[in-house]
Every structure is written in structure tokens, then in C-alpha cells.
Amino acid sequence: MANEWTHGICGCTRDVPWCLITCCLPFVTSFKVGMRLGLRSLAIMFLIFYFLYWILRIIGFALNIIWVSELSETDYDYYDDDYYQVHSIGMYGLFTYAADFLMTLVMLACVVIVWKMRVVTRSQYNIAGDTCEDGVIAFCCGPCVLCQMHNHLRAHGDTELLISDNSAVISPTGTI
């Protein structure tokens, strides 16, 4: 018989400090959940991708400032009230769009990592659901998924790794 999650997807507010940590710094919770599940490589990848996202965001922001500052008045169509740009975007604009595209790819990679963590958690605890549902929920609200997994692992008293890097599987009850 399949088990259920300890808390629902919106049950993250039961632990307000971790809810706030996850909303502001999701890499902290993902690292903690990943380490508890023995998914060290996924936890580290999430950290790398998350920091890469912010680096790209800062670069994109800086390039956007440079791009806008180099536009001359001839680059605007004064017949529009909103001053839409009508000429080529230039080198900085191209780099800005490239940074935005890379940020999107990095965030999708983070969603896939959270999805994988949820699938592993569900399979470890024999929780009802399917992979497609996990993917949709991870895409729509990654921080809520991270909080749900964190709360579930904590409710079951799991402070140690469930799967070690040596492929020895330890069940949630502690037996091999």
C-alpha cells in the first residue's frame, strides 16, 4: 500500500523558518535534502546551477545598463509614446539576450534536479504519485516541493543518508 506525504505541497508554512530559507535561499534546502537522500552530486549541481544563474543575471543586468547607455536618440522611434527601439540591438543587446537564454536553461536544470529529488524521495518512502506529476509540481513551485521533501524527511527522523555513495541502500527504518 502506498504512503502519503507527511505534509501537502502547501504545507510548507508549518515550518516558517525553513519556508523563508527555502524561498530566499533555495540552494540551502536543496543541498540539505540532497545530502539526506544521498544525492550528493545532484545537491552540488543545484548549488552550481543556482550560483551560475545569479552570475548570469548580474552579467545580463550590467550588459543591459551598458547597452541602454550607449543608445543614442536616433535609435528610438519618437512617434511612439513608449520609445520602442527600432534599430538593431547591437553587441550588448545580443549578449543580454544570450545571458537571458542561459539563465532560462540554468533554471530549467534546477527544476529537473528538484524533480529528480522528489522522484527519489517518493520512491524511498513508497509515496503514491507518478513521475509526470512530480515534474509538473517541481516546475510550478520548486520551493514548495523542497519544503515538502524537507518536512517529510524531518518528520521521519532522517538525519543520515538514505543512499550512500557506495551503493549500500539503507531503508528509512535504518536496516540494510
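Residues numbered from 1 in each chain as written. Predicted model: local features only at pLDDT ≥ 70, side-chain atom pairs only at ≥ 80, totals over all residues. Heavy atoms only, no water.

### A look at helix H2 (residues 26-37)
Its twelve residues place the ends of H2 16 Å apart at the C-alpha level, agreeing with the 16 Å of an ideal helix rising 1.5 Å per residue. Taken together, the buried positions of H2 are Pro-26, Phe-27, Thr-29, Ser-30, Val-33, Gly-34, Arg-36 and Leu-37. Gly-38 lies just past H2 and shows a positive phi near 80°. (Helix = DSSP H or I, 4+ residues; strand = E, 2+ residues; numbered from the N terminus. Expected span 1.5 Å × (residues − 1). Buried < 20%, exposed > 50% of the residue type's maximum accessible area, 1.4 Å probe, protein only.)

### Observations regarding the packing of aromatic side chains
Any aromatic ring pair is given by two values, namely how distant the centres are and how the planes are angled relative to each other. The final tally for this structure, using the stated rule, is six aromatic pairs. Ring centres 6.5 Å apart and planes at 65° place the aromatic pair Tyr-50 and Trp-54 in the edge-to-face group. Of this pair, Tyr-50 and Trp-54 both sit in helix H3 (residues 40-70), four residues apart, roughly one helical turn. Residue Tyr-50 is classed as buried on the basis of its relative accessible area of 10%. Members of the aromatic cluster, joined through ring pairs, are Phe-27, Phe-46, Tyr-50, Phe-51, Tyr-53 and Trp-54. (Phe/Tyr/Trp six-rings, centres within 6.5 Å; stacked < 30°, edge-to-face > 60°.)

### A look at the environment of Ile-44
By the element assignment, Ile-44 lies in helix H3. Exposure remark for Ile-44: the relative accessible area of 37% places this residue in the partly exposed category. Along the backbone, Ile-44 and Gly-34 are ten residues apart, and their C-alpha atoms lie at a distance of 8.5 Å.

### Remarks on the nonpolar core
Grouped together as the largest cluster of nonpolar side chains are 23 residues, with contacts concentrated most on Val-33, Leu-37, Leu-39, Phe-46, Val-114, Met-117 and Met-149. Among all residues touching Met-149, those that are not within four sequence positions of it are Trp-5, Val-33, Val-114, Met-117, Arg-118 and Thr-121. (Core = buried A, V, L, I, M, F, W, Y, C linked by side-chain atoms within 4.5 Å. Contact = heavy atoms within 4.5 Å.)

### A look at the environment of Ala-99
Looking at the secondary structure, you find Ala-99 in helix H4 (residues 90-124). The exposure class assigned to Ala-99 is buried, which follows from its relative accessible area of 5%. A sequence separation of 40 residues divides Ala-99 from Ile-59, and the C-alpha atoms of the two residues are 7.3 Å apart. In this structure, Ala-99 is in contact with Leu-56 and Gly-60, ignoring residues within four places of it in sequence.

### Things to note about a nonpolar patch on the surface
A contiguous nonpolar patch, built from Phe-101, Leu-102, Leu-105, Leu-108 and Phe-139 and spanning about 510 Å² of accessible area, is present on the exposed surface. Considering every element that reaches the nonpolar patch, the biggest residue donor is H4, with four residues. Relative to the helices and strands, Leu-108 is located in helix H4. (Patch = residues over 30% accessible without salt bridge, like charges linked within 9 Å, V, L, I, M, F, W, Y side chains within 5 Å. Areas by Shrake-Rupley, 256 points an atom, 1.4 Å probe, with all protein chains shown as cover. Salt bridge = Lys/Arg side-chain N within 4 Å of Asp/Glu carboxyl O.)

### Side note on the confidence of the model for the protein chain
Looking at the protein chain, the pLDDT average stands at 78 and 73% of residues meet or exceed 70. When the elements of the protein chain are averaged for pLDDT, H3 gives the smallest value, 82, and helix H5 (residues 131-140) the largest, 92. Note on residues 160-176: pLDDT under 50 across the span, and 31 contacts to partners over four residues away in sequence or across chains. (pLDDT = per-residue confidence, 0-100.)

### Quick notes on the pattern of salt bridges
Applying the stated criterion across every chain yields a total of three salt bridges. Arg-118 is the partner of Asp-134 in a salt bridge, and the nearest nitrogen-oxygen pair spans 2.8 Å. Remark: Arg-118 occurs in helix H4 and Asp-134 occurs in helix H5; sequence separation between them is 16 residues. Judged on exposure class, the residue Asp-134 and its partner Arg-118 are both buried. Arg-122 is paired through a salt bridge with Asp-134; the nearest N and O atoms lie 2.6 Å apart. With Arg-122 in helix H4 and Asp-134 in helix H5, this pair connects stretches of sequence that are twelve residues apart. According to the relative accessible area criterion, Asp-134 is buried, its value standing at 0%. Taken together, the shared-partner salt bridges in this structure form one network comprising Arg-118, Arg-122 and Asp-134.

### Remarks on the environment of Val-114
Among the secondary structure elements, Val-114 is positioned in helix H4. It is 9.7 Å that separates the C-alpha atoms of Val-114 and Ile-137, two residues lying 23 residues apart in sequence.

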